[in-house]
Amino acid sequence: LLVATGRRPRTDDLGLREAGVDTDTRGAILTDQHQRTTSPNIYAAGDVTNSPQFVYLAAAQGAAAAENAIGNLDSSVDLTGLPSVIFTDPQLGSAGLTEAEATDKGIDVDARTIGLDKVPRAVVEHDTRGAVKIVADRASRKILGVHAVAPGAGDLMLAATYAITNGMTIEDMASTWAPYLTNAEALRLAARSFDHDIGRLSCCA
């Protein structure tokens, strides 16, 4: 039996306090949007910082830290729409804000969830385990987050990230072409569910 309890940065023996570098209670190095620590000439990136622990984020932060350390103080990393995947069976995929996170930010949210029994690809594969959820700003209808429990959920998150970072609305997602009999069609169907009863299947089935 394996129980995952998380990871903690190993910073205890780096002499950070003597260097004027502050950490949080877990020992993670505090950085600003330019990866600069509380010591003006020291930059940090990746899992040692107080940011989500993803290899693609660490790579982007490393590039920004290197550029800023040599004088380009405009490089930063925008976490808007940051995707994540847990490769369980079925997979867990997420991009952007959860409903709770958006509410905590004071945003009036609207959210819809559809089960995979509404997605033709899942039906024909006889695997309707899971669901897809879209979180949107109620006033602007902009998509804030997309979350899925589904086989191949991780593959949905690139499109979700594009939608979030480009300010797409529910209407944009609902009216954008989606190839029939793909898992990606779940995003369009979930968007359509804000204003329509999508029934069991898409219009093509």
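Residues numbered from 1 in each chain as written. Predicted model: local features only at pLDDT ≥ 70, side-chain atom pairs only at ≥ 80, totals over all residues. Heavy atoms only, no water.

J.: Outline the sheet that holds strand β3 (residues 109-115), listing residues and values.
T.: Spatial ordering of the open sheet is given by β1-β2-β5-β4-β3, a layout of 5 strands whose pairing is antiparallel. Single-partner strands in this sheet number two, and they are β1 (83-86) and β3. Direction aside, the axes of adjacent strands within the sheet are offset by 10 degrees on average. Across 7 bridges, the pairing between β3 and strand β4 (residues 131-137) is antiparallel. In the strand pairing of β4, Gly115 is matched with Ala131. (Pairing = 2+ DSSP bridges. Helix = DSSP H or I, 4+ residues; strand = E, 2+ residues; numbered from the N terminus. Axes fitted to C-alpha atoms, helices over the stretch in contact; angles between N-to-C directions.)

J.: Explain unusual backbone geometry residue by residue, including any values.
T.: Note that the residue after Asp89, namely Pro90, is joined by a cis bond; omega there is 0 degrees. Checked against the element boundaries, Pro90 lands in the loop between β1 and β2 (91-96). Non-glycine residue Arg141 carries a positive phi angle of around 65 degrees. Structurally, the position occupied by Arg141 is in the loop between β4 and β5 (143-150). One non-glycine residue, Leu181, lies in positive phi territory at about 65 degrees. Relative to the elements of secondary structure, Leu181 occurs in the loop between α5 (170-175) and α6 (185-192).

J.: Hey, could you go over the layout of surface pockets for me, with residue numbers and the actual values?
T.: Here the largest pocket defines a volume of roughly 350 Å³. For the lining of the largest pocket, the elements supplying multiple residues, two or more each, are β1, β2 and β5. Considered class by class, the residues forming the lining of the largest pocket number 8 nonpolar, 7 polar and 2 charged. In this structure, the second largest pocket spans a volume of roughly 200 Å³. Lining the second largest pocket, in full, are Thr11, Asp12, Gly15, Leu16, Arg17, Val21, Asp22, Thr23 and Gly27. For the lining of the second largest pocket, a count of residues per class yields 2 nonpolar, 4 polar and 3 charged. (1 Å grid on protein atoms, 1.4 Å probe; cavity = no way out; pocket = protein on both sides within 12 Å on 5 of 7 lines; lining within 4 Å. Points joined across faces, edges and corners; volume = space filled by probe spheres on them. Nonpolar A, V, L, I, M, F, W, Y, C, P; charged D, E, K, R; others polar.)

J.: An account of empty space enclosed by the protein is needed here, citing residue identities and associated values.
T.: A water-sized probe, rolled over the atoms, reveals where empty space remains. One pass over the structure, following the stated rule, counts 1 cavity of 30 Å³ or more. The space that makes up the largest cavity amounts to roughly 90 Å³. Along its surface, the largest cavity is lined by Leu116, Val119, Ala122, Glu125, Asp127, Ala150, Pro151, Leu156, Asn183 and Ala186. Tallied by class, residues from the lining of the largest cavity come to 7 nonpolar, 1 polar and 2 charged.

J.: Before we move on, could you go through the pattern of salt bridges and cite the residues and values that matter?
T.: One pass over the structure, following the stated rule, counts 12 salt bridges. Residue Asp47 is joined to Arg7 by a salt bridge in which the shortest nitrogen-to-oxygen separation is 3.6 Å. Linking Asp47 in the segment before α1 (55-69) with Arg7 in the segment before α1, this pair joins segments that are 40 residues apart in sequence. Residue classification places Asp47 among the partly exposed positions, given a relative accessible area of 34%. Arg138 is the salt-bridge partner of Asp110, the closest N and O atoms lying 4.0 Å from each other. (Salt bridge = Lys/Arg side-chain N within 4 Å of Asp/Glu carboxyl O. Buried < 20%, exposed > 50% of the residue type's maximum accessible area, 1.4 Å probe, protein only.)

J.: Before we move on, could you go through the side chain of Ser193 and cite the residues and values that matter?
T.: Relative to the assigned elements, Ser193 resides in the segment after α6. Engagement of the side chain of Ser193 in a polar contact is seen with the backbone oxygen of Ala190, the distance being 2.6 Å. (Polar contact = N/O pair within 3.5 Å; in protein donor to acceptor, adjacent residues only side chain to side chain.)

J.: Break down the nonpolar core for me, with residues and values.
T.: Ranked by size, the top nonpolar core spans 28 residues in total, and within it Val132, Ile134 and Ile143 carry the most contacts. Among the elements of the structure, β4, β5, α4 (153-165), α5 and α6 are those that each provide at least two residues to this core. The element that contributes the greatest number of residues to this core is α4, accounting for 6 residues. (Core = buried A, V, L, I, M, F, W, Y, C linked by side-chain atoms within 4.5 Å.)

J.: So what's going on with the packing of aromatic side chains? Residues and values would help.
T.: For the structure shown, the criterion picks out 1 aromatic pair. Here Phe54 and Tyr56 contribute two aromatic rings whose centre-to-centre distance is 5.4 Å and whose plane-to-plane angle is 5 degrees, an arrangement assigned as stacked. Assessed through its relative accessible area of 40%, Tyr56 is described here as partly exposed. (Phe/Tyr/Trp six-rings, centres within 6.5 Å; stacked < 30°, edge-to-face > 60°.)

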